[in-house]
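Working through the structure, step by step
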Amino acid sequence: MTGEFNTLLPTQQSDKAQIWIIGTREQVVHLINEFYVKRLASDRAKFTPIVPAPFATGKVMTVLVR
């Protein structure tokens, strides 16, 4: 990302790292399961609920907060 976009992102020093997963419902569920099996996420509860992506029509999203 360019510096121009970085200034638009509201962040704080105490924020935790996030992994955003955006795709079809099947893709998102598959990646949640894959992250759990590969131990990138210790629990499926670490993912936010799957919701429609507000910026991508027809796609859903979840966020893994680590």
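As shown above, the structure is provided for reference.
Below or above, wherever it landed, is the structure these notes cover. (Residues numbered from 1 in each chain as written. Predicted model: local features only at pLDDT ≥ 70, side-chain atom pairs only at ≥ 80, totals over all residues. Heavy atoms only, no water.)

Brief notes about the nonpolar core
Our working rule: Here the nonpolar core consists of buried residues drawn from Ala, Val, Leu, Ile, Met, Phe, Trp, Tyr and Cys, with membership extended through side-chain atoms lying within 4.5 Å. Burial here depends on accessible area, computed with a 1.4 Å probe over protein chains only, as a share of the maximum for the residue type. Under 20% is buried, over 50% is exposed, and the range in between is partly exposed. Numbered from the N terminus, helices here are DSSP runs of H or I no shorter than four residues, and strands are runs of E no shorter than two.
Counting 8 residues, the largest nonpolar core is built from Ile21, Val28, Ile32, Phe35, Ala41, Phe47, Val60 and Leu64. Those elements that provide at least two residues to this core are α2 (25–37) and β3 (60–65). If you tally residues by element for this core, the top one is α2, at 3 residues.

As for unusual backbone geometry
Although it is not a glycine, Arg39 adopts a positive phi angle of roughly 65°. Summarising the element assignment, Arg39 is placed in the loop between α2 and β2 (51–52).

Topic: the pattern of salt bridges
Put simply, the rule reads: Any Lys or Arg side-chain nitrogen located within 4 Å of an Asp or Glu carboxyl oxygen qualifies as a salt bridge.
Overall, the coordinates contain 1 salt bridge when judged by the stated rule. Residue Glu34 is joined to Lys38 by a salt bridge in which the shortest nitrogen-to-oxygen separation is 3.1 Å. Residue Glu34 is classed as partly exposed on the basis of its relative accessible area, which comes to 26%. Residue classification places Lys38 among the exposed positions, given a relative accessible area of 58%.

Things to note about a nonpolar patch on the surface
Stated precisely, the cut-off is as follows: Patch members must show over 30% relative accessible area and no salt bridge, and they are joined within 9 Å when carrying like charges or within 5 Å when they are nonpolar side chains of Val, Leu, Ile, Met, Phe, Trp or Tyr. Every accessible area reported is derived by Shrake-Rupley at a probe size of 1.4 Å, with residue values counting cover from the shown protein chains alone.
Residues Trp20, Ile22 and Phe55 make up a contiguous nonpolar surface patch of roughly 340 Å² in combined accessible area. Here Trp20 is to be found in strand β1 (residues 18–23).

So, the packing of aromatic side chains
Put simply, the test is: Whether two aromatic rings pair depends on their centres lying within 6.5 Å, for rings of Phe, Tyr and Trp, where Trp uses its six-membered ring; planes under 30 degrees apart make the pair stacked, over 60 edge-to-face, and the rest tilted.
Per the stated rule, a full pass over the model turns up 2 aromatic pairs. Note on Phe35 and Phe47: the rings are 6.3 Å apart at their centroids and 45° apart in plane angle, and the pair reads as tilted. Taken together, the residues Phe35 in helix α2 and Phe47 in the loop between α2 and β2 connect sequence positions 12 residues apart. Residue Phe35 is classed as buried on the basis of its relative accessible area, which comes to 14%.

Digging into the side chain of Thr62
Applicable threshold: Two N or O atoms count as a polar contact when they lie within 3.5 Å, although within protein this holds only if one can serve as hydrogen donor and the other as acceptor, and sequence-adjacent residues are included solely when both atoms are side-chain atoms. Throughout, a contact is declared for two residues whenever any of their heavy atoms are within 4.5 Å.
Tracing the backbone shows Thr62 in strand β3. Among the polar contacts made by the side chain of Thr62, one reaches the main-chain carbonyl oxygen of Thr48 at a distance of 2.5 Å. Apart from the residues within four sequence positions on either side, Thr62 is in contact with Ile19, Trp20, Ile21, Val28, Ile32, Phe47, Thr48, Pro49 and Ile50.

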